[in-house]
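# Report on the structure
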Amino acid sequence: MKSTFRAERFVPLTLGGKRIGWLRPELAARLGEWKQVFSASPDRVKLLKADLLAPIVELLAKEGFIPGWRNERYRIADAFEIERAAARPFGLATQAVHLNGIAGERMWLARRSATKQIDPGMLDNLVAGGIASGFSAFDTLVKESWEEAGVPVELARKAKPAGTVSVLREVPEGVQSETVSIYDLDLPGDFRPQNQDGEVSEFRLLTFSEVESEVLTFEAALVARHYLQRRRARAP
């Protein structure tokens, strides 16, 4: 699995002297036109007034810089909120949760809907979702477990935290800079996931060796591999 990120291809976005994101040069140049909100130079763009971002982000979406509007907000650098769809174009650090759904010696995977903005039609972990503003990782896990796979709240709350993986890579929208909190959940043998929100087209129950041979989304592959490596380490 290859992950490519070349900092020289991007312009750092800073706030209060700290880098908070990465911008493609064309977006950096566009932001420099809002001189009351950004201070742009060849080597960086400084965000001066985060409270004035919202109308700019809306205009950038209309201009095509920000695809796939979500009507959901991320909290960034514990300093401001921004439309979720802007996270990758701005290269902002975000948080997500992924769940390994385990049924004995097999693992449940979910196929993303063909209408998803990111990775449509690809296999994913049983549950995966970004952590929106105002939600904790565990709150997000419980919420997404029901919406994506029909996991009842009382069952989802039995999920065990299992660590994190970090992603920094170039993607079509810009830069994915994300920390994924991993959870494991042992599921009853008679459990059958049922999608509630239209974001999953099918579920597959695969052996661990079959999971290793499938092509998953980048993050899902990292999360599944993390589980399988831990499982091997525990084996006698």
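Rules of the game
Residues numbered from 1 in each chain as written. Predicted model: local features only at pLDDT ≥ 70, side-chain atom pairs only at ≥ 80, totals over all residues. Heavy atoms only, no water. Helix = DSSP H or I, 4+ residues; strand = E, 2+ residues; numbered from the N terminus. Expected span 1.5 Å × (residues − 1). Buried < 20%, exposed > 50% of the residue type's maximum accessible area, 1.4 Å probe, protein only. Contact = heavy atoms within 4.5 Å. Arc of directions from axis to C-beta. Pairing = 2+ DSSP bridges. Axes fitted to C-alpha atoms, helices over the stretch in contact; angles between N-to-C directions. Phe/Tyr/Trp six-rings, centres within 6.5 Å; stacked < 30°, edge-to-face > 60°. Salt bridge = Lys/Arg side-chain N within 4 Å of Asp/Glu carboxyl O. Core = buried A, V, L, I, M, F, W, Y, C linked by side-chain atoms within 4.5 Å.

### Points about helix H3 (residues 137-149)
Over its 13 residues, H3 runs 17 Å from end to end, which matches the ideal 18 Å to within 8%, given 1.5 Å per residue. Among all positions of H3, only Ala137, Thr140, Leu141, Val142, Glu144, Ser145, Glu148 and Ala149 are buried. Against strand E7 (93-103), strand E10 (127-130), helix H4 (153-156), strand E12 (174-186) and strand E13 (200-207) lie the buried residues of H3. Just downstream of H3, Gly150 is the residue with a positive phi angle, here 65°.

### What to know about helix H2 (residues 53-63)
When H2 is considered as a whole, its buried residues turn out to be Leu53, Ile56, Val57 and Leu60. For H2, the buried positions fall inside an angular range of 100° around the axis, keeping them on one side. Those residues of H2 that are exposed and aimed more than 90 degrees away from the buried face are Pro55 and Lys62. Against helix H1 (25-31), strand E3 (38-41), strand E4 (44-47) and strand E6 (80-83) lie the buried residues of H2. Taken from the residues just after H2, Gly64 is the one with a positive phi, measuring 95°.

### So, the sheet that holds E3
With mixed pairing, four strands are arranged side by side in an open sheet as E2-E1-E4-E3. The sheet is open, and its two borders are formed by strand E2 (18-23) and E3, each paired with just one other strand. Along the sheet, successive strands turn relative to each other by an average axial angle of 25°, direction set aside. With four bridges connecting them, E3 and E4 associate as antiparallel partners. Paired with Ala40 across the strands is Val45, a residue of E4.

### Regarding the packing of aromatic side chains
Tallied over the entire structure, the rule returns four aromatic pairs. With a centroid separation of 5.1 Å and an interplanar angle of 65°, the aromatic rings of Phe5 and Trp22 are classed as edge-to-face. You can see Phe5 sitting in the segment before strand E1 (11-15) and its partner Trp22 sitting in strand E2, a full 17 residues away along the chain. With a relative accessible area of 21%, Phe5 lands in the partly exposed category. Judged by relative accessible area, Trp22 falls into the buried class, the value being 12%.

### Details of unusual backbone geometry
Of note in the backbone geometry, Asp78 takes a positive phi value of approximately 50° without being a glycine. Checked against the element boundaries, Asp78 lands in the loop between strand E5 (73-76) and E6. Within the chain, Asp119 stands out as a residue other than glycine whose phi angle is a positive 50°. With respect to the helices and strands, the residue Asp119 is situated in the loop between strand E8 (106-112) and strand E9 (123-125).

### Some remarks on the pattern of salt bridges
Throughout the structure, instances matching the rule amount to 20 salt bridges. As a salt-bridge pair, Glu170 and Arg6 come within 3.6 Å of each other at their nearest N and O atoms. With Glu170 in strand E11 (residues 160-171) and Arg6 in the segment before E1, this pair connects stretches of sequence that are 164 residues apart. Residue class for Glu170 comes out buried when judged on its relative accessible area of 18%. Each of the salt bridges in this network shares a partner with another, and the network as a whole consists of Arg88, Arg169, Glu173 and Glu219.

### Let's talk about the nonpolar core
Ranked by internal contacts, the top residues of the largest apolar core, which has 27 residues, are Leu13, Leu23, Leu31, Phe38, Leu47 and Phe90. Mapped onto this core, the elements with two or more residues apiece are E1, E2, H1, E4, H2, E5 and E6. When residues in this core are grouped by element, the largest group, four residues, is from H2. Those residues within four positions of Leu47 in sequence are excluded, and the remaining contacts are Leu13, Thr14, Leu15, Ile20, Val37, Phe38, Leu53 and Phe80.

Distances and angles like these do not, on their own, reveal function.
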